[in-house]
Structure formats: C-alpha cells, structure tokens
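# Examination of the molecular architecture
Here is what each chain is made of, one letter per residue.
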Amino acid sequence: MAGKRVIAICQSGGEFETDKDGFLSYKGGDAHAMEMDDKMNYNDFKMEVAEMFNFSLATMSVKYFLPGNRKTLITISNDKDLKRMIKFHGDSDSAEIYVMTEEAVDPDFSNMPGSRSSRTTLSEMAIPVDAPLSVVEDIVDDPNEPGLLLDANFDVVSDTNNIDDTIGIESEMPVPVSFVAANYDEKNAKAAQQWQNDITGVGQRFNSVHEFRETLRKYAIANQFAFKYKKNDSHRVTVKCKAEGCPWRIHASRLSTTQLICIKKMNPTHTCEGAVVTNGYQATRSWVASIIKEKLKVFPNYKPKDIVNDIQKEYGIQLNYFQAWRGKEIAKEQLQGSYKEAYSQLPFFCEKVMETNPGSLATFTTKDDSSFHRLFVSFHASLYGFEQGCRPLIFLDSIFLKSKYQGTLLAATAADGNDGVFPVAFAIVDAESDDNWSWFLLQLRTALSMCSGITFVADREKGLRESIAEIFQGEDVFHGYCLRYLSEQLIRDVRGQFSHEVKRLLVEDFYGAAYASKPDGFQRCVDSIKSISVDAYNWVMQSEPINWANAFFRGMRYNHMTSNFGELFYGWVSDAHDLPITQMVDAIRGKIMELIYTRRNESNQWVTRLTPSLEERLEKESLNISSLQVLTSSGTKFEVRGDTVDFVDVDHCDCTCRGWQLTGLPCCHAIAVMVCLGRDPYDYCARYFTADSYRSTYSESIHPIPSLERPKKKDASQAAVTVNPPPTRRPPGRPTTKKVGSHEVTRRQLQCSRCKGTGHNKSTCKEVLLES
C-alpha cells in the first residue's frame, strides 16, 4: 500500500461509553486532524500528536479501533503498529485515533479494582511446560467445550440436589475489593477493561452455555483471578475461585423449556491475593480465536508471532507459538467455515456447479471408508474457450496444497492467442500419484468434445507417459516432455563430480539441443555435451529426443517447452490453499470468472487483426526482410537468400528454416516471398492468433454458485452420499515455506576446495585423513 495517505482524526479529553451490546462510543473532548502516510515513523507521529494536545510523551498513549470493530481498542506503540493501523484503514480515507494520558504508577502498588486473585489462570491445568503436544491436545479437547482447559483436579458433582452446598451466598452485584499485584502491569489490563462488568450478578441471562463460559473467561481476565469448574455440562455450570478458601462462587443453569442460561446464585467476594501469573494456560484456543478474529478478518496474514506479541502487550498474557497458531486456526475456521463440513458439502456443490454452469463437469470420488479421494472441476466457459479459440496445446502440472488436510492440485492450462494463461480444468486429489493423474486425464478426455491433434506438455514421469498414450489412444495426441523436469533429472542422474558452472553449461547445451529447429543444430549441441561428459551425452540420446527436441518432435508446441506455463493460475491456488475445499474451488472459480470478464472487455477495444503480442512478433519478422533476396524456384516454391539459403513453399506454409512450422507465424523468409507475390502475411498466420479467435476464447461466462446450505431431502428413502475428510492432516506448527523456483534447474552443492569433491568441505575431507 505504498503511498497510501490517511487523515487521522485525533481525539482527546472525552470518555468512552459502552452500550448494551458492548460497543464503545467516544463522547466529548477535542478533535484535531493530521495527514499521515505509511512512510511516517512512530516517533515523529507521537511527537506531533503530543504537541497537538500539549501532552507529555512519557505519559501519552494512542489507540484506535479496527474497521468494523468498536469493542476492542488497539494500542499504537511502535513503527510496526503504526503501519498496521494505516494498512487496516486502507479502504478508508480517514481513521479515528484516541489520545490518552496515563498517570505514573508506583511500581510497588496497583490500584486496579478488585476482588481479584493474583492468578490470571482461568482454567488451569497441571501440564508441564515441556509436555508433548499430543498430551496437551488430549487434555484440551473437552467433549462439551472444544478448546476448554480444565483444572487438573476437576471435580464433577453428579448429585443435582447438592447444588446449594457447592455455591456461596446469593448476591445481585459483585463487590470490588482492592488487592496488591506487584508483578502486574496496569497498562496491560486496559484492553480488557471492557469485560470487567460483563458478569452483573444473579438473574443475568445468556443465549447459550458457550456464551456464558466465554463471558466468564473474559470477566476473570479483566478482574485478574483464576477459577475452576465444579460442574460443567450442556445445561449447568458451577465455578469457584481457584484460590484455596476464597468464597467467590457462581452457578448458572438452563431455564426450563429454553436454551437460555441464567445465573442462579453468586458470591462476588474475593479474599485471595498474590502475584499475577502471566503464562498462557489461562488463554484457551477459543479465547485466543475470539480476540484475534476481527483483526484476522482485515489482515489474513496475521502471523502467530505477532499474535503472541499483541496479546502480551494488550492483555499481559504470555502465549507460546503453538497456542497462537491453534487460536488462529480456530479463528480462520470461524470466519471461513468448517473444513470437515466442506467435504460433506461436495455432492451438493458438484450438483450446483453443473446446474449453474450447464456444460461443466464437476465430479468426485471417495475411498472405501467414505473419505475424500479426488475432485475434478472444469467449467463450460473454460472448455468452450479452449476448443474455440486456443491452440490445441495443454500444459499439465501440479502444486502441493498446504491446507489443513494437505493434498495436491492437478491442473490443465492452455495458451490463448495472446500467450496468456487460460485455465482448462483442475483436480484436487489426496496425493500426486500415477493413479490420480490417470483419473484426471480420463475426466479431461470426457469433458472435451474433441481431443484430436492436442499436444500435452508435461513431465514424462508420474505415470504421465503411459497415461497419455493409453487414455488418448487413437486420438492423434502428442506428448512433449517438459524441459525443466528433464534437465533436473539429467543433473541428478549423470555421474561425475561437476562444478556448478559445468552443470550450468550442460543445461544450456541441453536447452540449445531442444530449441534447435534442424537435426544438424541438435547434433552440434549434443556434441558439446559429449565433450563435457560422455555419460551426459548417453543420457540425452536415450531420453527420447523425439518427444522433446524441435528437430524431431511431430506435434505442435509453438515453442512452449516447459509445463509450468500456468504460473498465474498456480498463484491463485496458493492464495486460496488454506480455505476449506469448496471455498477453495469457489475462490478459483471467482478468479477465472474475473479473468474472462477482464480479457473480454480488453479485447473488444483492439483494432488489429492479430492479438497485441503476436502483432508485435509479426512486425519484428517483417523488419528482417530488407536484406533478403527472393528467387523463383518452381511454381509456389521460392529460394530466399540472406545469411543462409532457405526454400519457401507458400501453399504448404513451409520453410526450410522451420520457424514457420514451429510457431504458426510466418518467418521472415516467408514474409519476403509474400511481399513479392503481393499477398497479405496476415492471411498465413495460424487462426489462433487472430483477435476474433481470442474473443471466442473469452466469449462465454462463468456464473456464481449459490449458497451451499444443504437442502432437506425430499424423500427419506434417498441415500445421502457421505464424504469425510482425508485421513492425512497437516502436522501442527508452522508449515514449511521452502520453495523451489519454477525456473530453477540446478541447485548449488557444497564443494571441497581440496579434493574438488561434492557434498563436503575441506574441514571434513576424508582424503586429508588418509594422507595423515
């Protein structure tokens, strides 16, 4: 958001008021305006605000609300906070900022209002800090309250007749009692002040037991005491103060014939005191999720480490990384929907895809245990656009999904007439395997009305060589091996201790052999490889050059040699990979829909016969004809002399340089002949490059898919198809972000400067040991 400017409306001297829904409003005081942008640093900002209101820098604090959230004030205390505030208000021209002064507090005394135990632990567990994650998960997952942390000495009172014995004195309002908390930073409690009066006393009602538990947890954090459950089920909750001998009690239960939970008895008096515990056990995952959800909504890349820092700063609670990460996962699921529920929606989702986009294909399969196996989606607009306007060229590649249940996305993309990426079909599968690739190609063949003449650019491994040949048997289909995968395999397979520079030369010669248009050019490049390594030469000659070298390939690749052409599409997938499966597919659908709409509108403004990129390439070829001499050979065949002597057959769109045949665009030799004959070179360009074909590619639209709420079955006898999540789940913790660049061919290896060997350095060289 470089260059973003925001008008900051700075307010001070007023008071915050809380309405019945917990929303804060600011009344009274003075207001000033100042202009700020993302280049402003925190110190300059704070100094300007201090001068504005004549405040001391030492006692001044600055806060703001997140857009759409008037319940939680966010503190600005450094450059990072300031930039976040500007980013959060990226869609607004102004931001409201509240400036307050804080009285210096004696470090040995806290005048926080009271009743508060020294412990901030809400539902403390006896779990060692270094306990395995699996142990923590088992304790955390309570059947009645996911994410609830129970006390290690959890005592369930089963006799409902003894409720009166477990609770204290009835009271209507809590009575605050002062206490000393030397280790408690009063500033950290300010963010939780809004919760101090969330529990009002006997008679207060809540919509559900979950709402009561969450309110109680926030109330305890705000008032700085710990509690433990004596009863905790779906219709009653009894809680006492964690401190031994403290009389604080509360009991709430369900009102008969309703789902409402009402506080029946309460003793609000605390007699306990002590030091504040700031570990994260008091913060359940659901509590963390409730705190960060609004911020996560406007800042999807909110990192766990930032969550840890912010909660420490705002609430004085120290989380560890995994608590923050799990809280973020819960918040994401609350915002995006359940991952598990998304799999169960697949049957209905596929029906809706084909219903709203007639001519599309959306199908899925499950395993014997009803767990998800694979999903194929191809929209009618994509199939129609490919068959009507794109070259018969399909790129096959895959991308790993780092979602909750992992998996792989298989994709088929094409090149439109302007050399832009055009998505044709994709599938989400549980893993990349020969069987899943075969299934994907089978669905693609079913979706396409005609497959004859198609060239696939794909890896020769992963079962693709056999699957393409078997599924498209008799369709006059060709398989061009991806040079990127081949070159990587060449470097892996060739033996010898080659330096990084030598490997780079091998790859350059390999690519030169692939792009050479004639057999003699191919041979020169492979001879260069042979001079470096005989093993490499033998590998190249045995790798079926007929499937990757221009000099021998029988299909049409239009000089597209690698399968990673669809990187734009893979970028969309990466942006949506952490969504539930149906939402991920719908996000991709939205991107394709937007792409079609945008390119259709752009192409309607074109006035050229060819697409812009092909128009430019034809003009470049035309510039080279001035130095060429055209001689008539016989009939429609002509001899063209320049740096080389080439023969052109206009009627058969053939030139001995093979540039015309490889690209579908007349080469400079052919254009020179056409000029002599008075013919228009545009008439000899492949139809896929015309603006009209491009418009046909984007002529159909993709339609939105309605809400995925499952309808009630009309007939009870109808058997519902069950789809469960796949058994593989992403392990807890930070996902790996290590990527190999799509164009990376070789990876630099460690090389010993003494023996020139690879895989070690001179300090661990074995030859030194042998010499000694």
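Note that the coordinates shown come from a computational prediction; the quantities given were computed from them, not determined experimentally.

## Considering the pattern of salt bridges
In this structure the tally under the stated criterion is 31 salt bridges. Between Arg391 and Asp419 there is a salt bridge, with its nearest N and O atoms 2.6 Å apart. With Arg391 in the loop between helix H12 (380-389) and strand S15 (393-400) and Asp419 in the loop between strand S16 (408-415) and strand S17 (421-429), the pair connects residues that are 28 residues apart, well separated along the chain. What makes Arg391 buried here is its relative accessible area of 2%. Look at Asp419 and you get partly exposed, because its relative accessible area is 27%. Among the charged side chains, a salt-bridge network with shared partners connects Lys80, Asp81, Arg84, Lys295, Asp306 and Asp310.

## Brief notes about the sheet that holds strand S1 (residues 5-12)
Taken together, five strands build an open sheet; the order of strands is S4-S1-S7-S5-S6 and the sheet is mixed. Taken across any chain shown, the strands that pair with only one partner, and hence form the sheet edges, are strand S4 (30-37) and strand S6 (73-76). Adjacent strand axes in the sheet meet at a mean angle of 35° when their direction is disregarded. Pairing between strand S5 (residues 60-65) and S6: four bridges, direction antiparallel. Bridging across to S6, Val62 finds its partner in Ile76. Across the sheet, helix H1 (residues 42-53) is in contact with S1, S4, S5, S6 and strand S7 (94-101); its angle to S4 comes to roughly 155°.

## Here's the deal with the environment of Pro304
Assignment of secondary structure puts Pro304 in helix H8 (residues 304-315). Pro304 gets classed as buried once you look at its relative accessible area, which sits at 8%. Measuring from C-alpha to C-alpha, the distance between Pro304 and Gln323 comes to 8.5 Å, with 19 residues separating the pair along the chain. Once residues lying within four places of it in the same chain are set aside, the contact partners of Pro304 are Tyr321, Ala324, Trp325 and Lys328.

Cut-offs applied
- Residues numbered from 1 in each chain as written.
- Predicted model: local features only at pLDDT ≥ 70, side-chain atom pairs only at ≥ 80, totals over all residues.
- Heavy atoms only, no water.
- Salt bridge = Lys/Arg side-chain N within 4 Å of Asp/Glu carboxyl O.
- Helix = DSSP H or I, 4+ residues; strand = E, 2+ residues; numbered from the N terminus.
- Buried < 20%, exposed > 50% of the residue type's maximum accessible area, 1.4 Å probe, protein only.
- Pairing = 2+ DSSP bridges.
- Axes fitted to C-alpha atoms, helices over the stretch in contact; angles between N-to-C directions.
- Contact = heavy atoms within 4.5 Å.

This is a description of form; function is not addressed.
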